[in-house]
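Tertiary structure, described
Here's the letter readout for the chains.
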Amino acid sequence: MTMTLDLPTLDLPALDLPTLARRIRDARGVAHKRDIDAVVARLGLGRGDAAVPVGDDCAAIPDGDGHLLLAIEGFLDGFVAEDPYFAGYCGIMVNLSDVAAMGGRPLAVVDALWSRGADAADPILAGLSDAAALYGVPVVGGHTNTRAASGNLAVAVLGRAGPRLLTSFDAAPGDDLIAVIDLRGRFRDPHPYWDASTGSPGARLRGDLALLPGLAEDGLACAAKDISMAGVVGTALMLLECSGVGGSIDLAAIPRPDAVPLDRWLTAFPSFGYVLGVRPDRTPAVRARFAERGLAAAAIGRLDASRVVRVRDASGGEAVVWDLRAGPLTGCGRRETNDA
């Protein structure tokens, strides 16, 4: 029997939407995404019609009847210093999320680690090792320097997908914008990291990730992005920029844990979280697949051709988060997205 997880509309207090929109724009996670624009311009990248488009969660490299997926994540030195075990763990977790966001499955990872001595490296390596075992992906090599002045970590992943990808470039006007989040977690206070992974059964973690390639292979979705440190709205903004579309996001519809304030949740990084562009006739089937595994999935908006990203409250009031016609966020996307 197929079951659907129906999420109640949250009774939010009156929102100062312009202030909230400005806080989303100014959030640290979104600010880091703005750094991408200068880099892609300097390297001559960012066009969605390139052979290997830049702006997706992984580089999708055509390979036979499918695609190789290649991605890398680097971690702030402060995060590595303050929570070294979780930094190592995230080296696996976030990379596998990137692969899943493109409809792929992981093959292997490599890491590059710098630390002030072997003792400082040990908790990072423990996190890498534990996550690799839970998620069932091997660490096959990398680079290590335990004589560095400070601790730093970068982890890369190789994956594979079939001919059908989930991409950041294929959301279209009229699509439902769906947010999927695992609410079975807790914050790693005082940080904005919602941890629904550590301590969870490996079989469940692997099965949850497998839902994304299943959607791609069955043709139920073609656009997706994993929720990053930019938060739900900031990540949706990047997806819409790459696809050259706009839309309005219903704040009350975003899946959210009980007792977590909205403003904190909108800038949180969930360990399992995605935004997807889905044709409305496929939305019930997509939501049902996540609900069957206890994952919250809700339609939080409808996409349009405006290239303006807005948030709205329960009363219907709206505020603009970003006008992509006036300027880019990351500079990545379809050709018309980058036109002045």
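Residues numbered from 1 in each chain as written. Predicted model: local features only at pLDDT ≥ 70, side-chain atom pairs only at ≥ 80, totals over all residues. Heavy atoms only, no water.

**Brief notes about helix α5 (residues 118-135)**
Under the 1.5 Å per step criterion, the end-to-end length of α5 is 25 Å for 18 residues, consistent within 8% with the ideal 26 Å. If you check which residues of α5 are buried, you get Ala 121, Ile 124, Gly 127, Leu 128, Ala 131, Ala 132 and Tyr 135. Elements in contact with the buried residues of α5: α3 (77-82), α4 (84-101), β3 (104-116), β4 (139-145), β5 (147-161) and α6 (202-217). With its phi angle positive at about 70°, Gly 136 sits one or two positions after the end of α5. (Helix = DSSP H or I, 4+ residues; strand = E, 2+ residues; numbered from the N terminus. Expected span 1.5 Å × (residues − 1). Buried < 20%, exposed > 50% of the residue type's maximum accessible area, 1.4 Å probe, protein only. Contact = heavy atoms within 4.5 Å.)

**Regarding the packing of aromatic side chains**
This model, assessed by the stated rule, comprises 11 aromatic pairs. Aromatic pair Phe 86 and Tyr 89: ring centres 6.2 Å apart, planes at 20°, arrangement stacked. Here Phe 86 pairs with Tyr 89, and both are found in helix α4, just 3 residues apart, close to one helical turn. Judged by its relative accessible area of 1%, Phe 86 falls in the buried class. Under the relative-accessibility criterion, Tyr 89 is labelled buried at 1%. Among the aromatic residues, ring-to-ring pairing joins Phe 75, Phe 79, Tyr 85, Phe 86, Tyr 89, Tyr 135 and Tyr 193 into one connected group. When the ring centre of Phe 86 is taken as origin, the NZ or CZ atom of Arg 188, which lies over that ring, is 4.0 Å away. Above the plane of the ring of Phe 187 lies Arg 264, whose end atom (NZ or CZ) is 3.7 Å from the centre. (Phe/Tyr/Trp six-rings, centres within 6.5 Å; stacked < 30°, edge-to-face > 60°. Lys NZ or Arg CZ within 6 Å of the ring centre and 35° of its normal.)

**Regarding the pattern of salt bridges**
Overall, the coordinates contain 19 salt bridges when judged by the stated rule. In this structure, the salt-bridge partner of Asp 65 is Arg 160, at a minimum N-O distance of 3.4 Å. Highlighted residues: Asp 65 in the loop between β1 (59-63) and β2 (66-75) and Arg 160 in strand β5, separated in sequence by 95 residues. Look at Arg 160 and you get partly exposed, because its relative accessible area is 28%. (Salt bridge = Lys/Arg side-chain N within 4 Å of Asp/Glu carboxyl O.)

**Section: the side chain of Ser 200**
Residue position: Ser 200 is located in the loop between β8 (193-195) and α6. For Ser 200, a relative accessible area of 11% translates into the label buried. There is a polar contact of 3.3 Å between the side chain of Ser 200 and the backbone oxygen of Ala 196. Not counting residues up to four positions away in its chain, the partners in contact with Ser 200 are Leu 134 and Leu 205. (Polar contact = N/O pair within 3.5 Å; in protein donor to acceptor, adjacent residues only side chain to side chain.)

**Considerations on the pairing of strand β10 (residues 246-250)**
Summarising burial for β10: 5 of the 5 residues are buried, a large majority. Every second residue of β10 is oriented toward a common face, with Gly 246, Ser 248 and Asp 250 on one face and Gly 247 and Ile 249 on the other, all of them buried. Both β10 and strand β13 (residues 296-304) contribute to a ladder of 4 bridges, which runs antiparallel. Residue pairing for β13: Ile 249 is matched across the bridge by Gly 301. Bridge count for β10 against strand β14 (residues 308-312) is 4 bridges, and the pairing is parallel. Paired with Ile 249 across the strands is Val 311, a residue of β14. (Pairing = 2+ DSSP bridges.)

**Quick notes on the environment of Glu 318**
Residue placement: Glu 318 occurs in strand β15 (residues 318-323). On a C-alpha basis, the gap between Glu 318 and His 67 in space is 40 Å, while along the polypeptide they are 251 residues apart. In this view, Glu 318 contacts Leu 17, Ser 248, Arg 310, Val 311 and Arg 312; residues no more than four positions away in its chain are not counted. At a separation of 2.7 Å, a polar atom in the side chain of Glu 318 contacts the side chain of Ser 248.

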